[in-house]
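# Structural features, examined
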Amino acid sequence: MGVTPNIAPSMLSSDFANLSSEAQRILDSGADWLHMDIMDGHFVPNLTIGAPVIESLRKHTSAYLDCHMMVTNPLDYVEALGKAGASGFTFHVETSKDNWQELIESIKSQGMRPGVALNPGTPIGEVYPLVEAEKPVEMVLVMTVEPGFGGQKFIPEMMDKVRILRKRYPSLDIEVDGGLGPSTIDMAASAGANCIVAGSSVFGSSEPAEVISLLRNSVEKA
């Protein structure tokens with residue numbers, strides 16, 4: 001694959017009371033990105049963090065903050081996230097069928113990298129127009145669990161979506177999120193995923209550096 005592996009531990013699994021030290025610990029363990037799960041309690045039942053937390057964390061790190069927007073109205077968050085220092089802004093295709101072009105332009109105008117995510121029940125064809133647009137998204141996030149909570153089981157059937165995407169777009173960043181760890185990474189990597197979100201498997205390990213290294217090696221081998 002002519003794409004770069006990016007291991008993005010999900011900070012949702014970290015100790016939120018010590019966010020900056022947790023971020024540093026995981027970057028020192030070899031993480032490429034920090035995955036930030038932003039949930040509004042509406043699009044998904046859980047309520048997590050928003051721009052103020054991103055802004056606070058940004059003061060302590062120069063790392064790539066990979067923001068996954070599990071929100072009903074992503075356009076409402078673009079300016080605040082941009083000002084807070086977010087690096088990537090990945091919105092859900094389910095929430096933006098009518099305004100994704102405006103959304104992509106807005107994200108880019110704030111200096112962030114646009115991505116699109118899709119839930120397990122959403123057909124893969126729904127993201128094609130966004131990848132093939134004149135101003136396209138730069139990453140597709142294939143959810144391998146139902147979004148909203150950490151610690152769920154990986155849904156292997158979602159690898160068909162990843163395979164289809166990789167065949168169609170050889171140089172696209174394809175991210176997978178949900179249930180990724182040592183037992184599931186080879187399935188995801190061989191299907192063509194190069195950006196790997198891992199929460200419990202990294203933060204729940206006594207040796208996070210070993211887990212991150214294992215995830216990266218799997219993507220590199222594939």
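Just above, that's the structure.
Note that the structure is a prediction, hence the values are computed from the model and not measured.

## Describing the overall build of the protein chain
- On a plain count of helices and strands, the protein chain comes out with 9 helices and 8 strands.
- On C-alpha atoms alone, the protein chain measures out to a radius of gyration of 16 Å, which is about the 17 Å that the 2.2 N^0.38 rule sets for 222 residues.
- Each principal axis of the C-alpha atoms in the protein chain carries an extent, and together these give about 45 × 40 × 30 Å.
- The buried share of the protein chain, reckoned over its 222 residues, is 55%.
- The long-range share in the protein chain, meaning contacts at least 24 apart out of those at least 6 apart in sequence, stands at 69%.
- Entry remark: accessible area of the protein chain is about 9300 Å², with carbon and sulfur atoms responsible for 49%.

## So, the state of the cysteines
- Per the stated rule, a full pass over the model turns up 0 disulfides.
- In this model C67 remains outside any disulfide bridge; the closest cysteine sulfur is found in C195, 14 Å from its own.
- Using a relative accessible area of 0% as the deciding quantity, one classes C67 as buried.
- Judged by its relative accessible area of 0%, C195 falls in the buried class.

## Looking at the environment of P5
- One can find P5 in the segment before β1 (6-9).
- The class for P5 is buried, based on a relative accessible area of 14%.
- In this view, P5 contacts D32, N194, R216, V219 and E220; residues no more than four positions away in its chain are not counted.

## Here's the deal with the pattern of salt bridges
- One pass over the full model with this rule turns up 10 salt bridges.
- Salt bridges linked by common partners bring K108, R113, E138 and D173 together as one network.

## Side note on the side chain of H35
- With respect to the element layout, H35 can be found in strand β2 (residues 33-39).
- The class for H35 is buried, based on a relative accessible area of 0%.
- There is a polar contact of 2.7 Å between the side chain of H35 and the side chain of D66.
- Reaching out from H35, the side chain makes a polar contact with the side chain of D177 at a distance of 3.3 Å.

## So, the nonpolar core
- Residues L34, I54, L81 and F91 are the most contacted members of the largest nonpolar core, which totals 65 residues.
- Leave out the neighbours within four places in its chain, and F91 touches M69, P74, S96, W100, L103, I104, I107, G115, V116, A117, L130 and V137.
- In terms of nonpolar packing, the next biggest core, distinct from the first, is built from 5 residues, A8, W33, C195 and V197 among them.

What counts as what
Residues numbered from 1 in each chain as written. Predicted model: local features only at pLDDT ≥ 70, side-chain atom pairs only at ≥ 80, totals over all residues. Heavy atoms only, no water. Helix = DSSP H or I, 4+ residues; strand = E, 2+ residues; numbered from the N terminus. Rg over C-alpha atoms; globule rule 2.2 N^0.38 Å. Buried < 20%, exposed > 50% of the residue type's maximum accessible area, 1.4 Å probe, protein only. Contact = heavy atoms within 4.5 Å. Areas by Shrake-Rupley, 256 points an atom, 1.4 Å probe, with all protein chains shown as cover. Disulfide = S-S within 2.5 Å. Salt bridge = Lys/Arg side-chain N within 4 Å of Asp/Glu carboxyl O. Polar contact = N/O pair within 3.5 Å; in protein donor to acceptor, adjacent residues only side chain to side chain. Core = buried A, V, L, I, M, F, W, Y, C linked by side-chain atoms within 4.5 Å.

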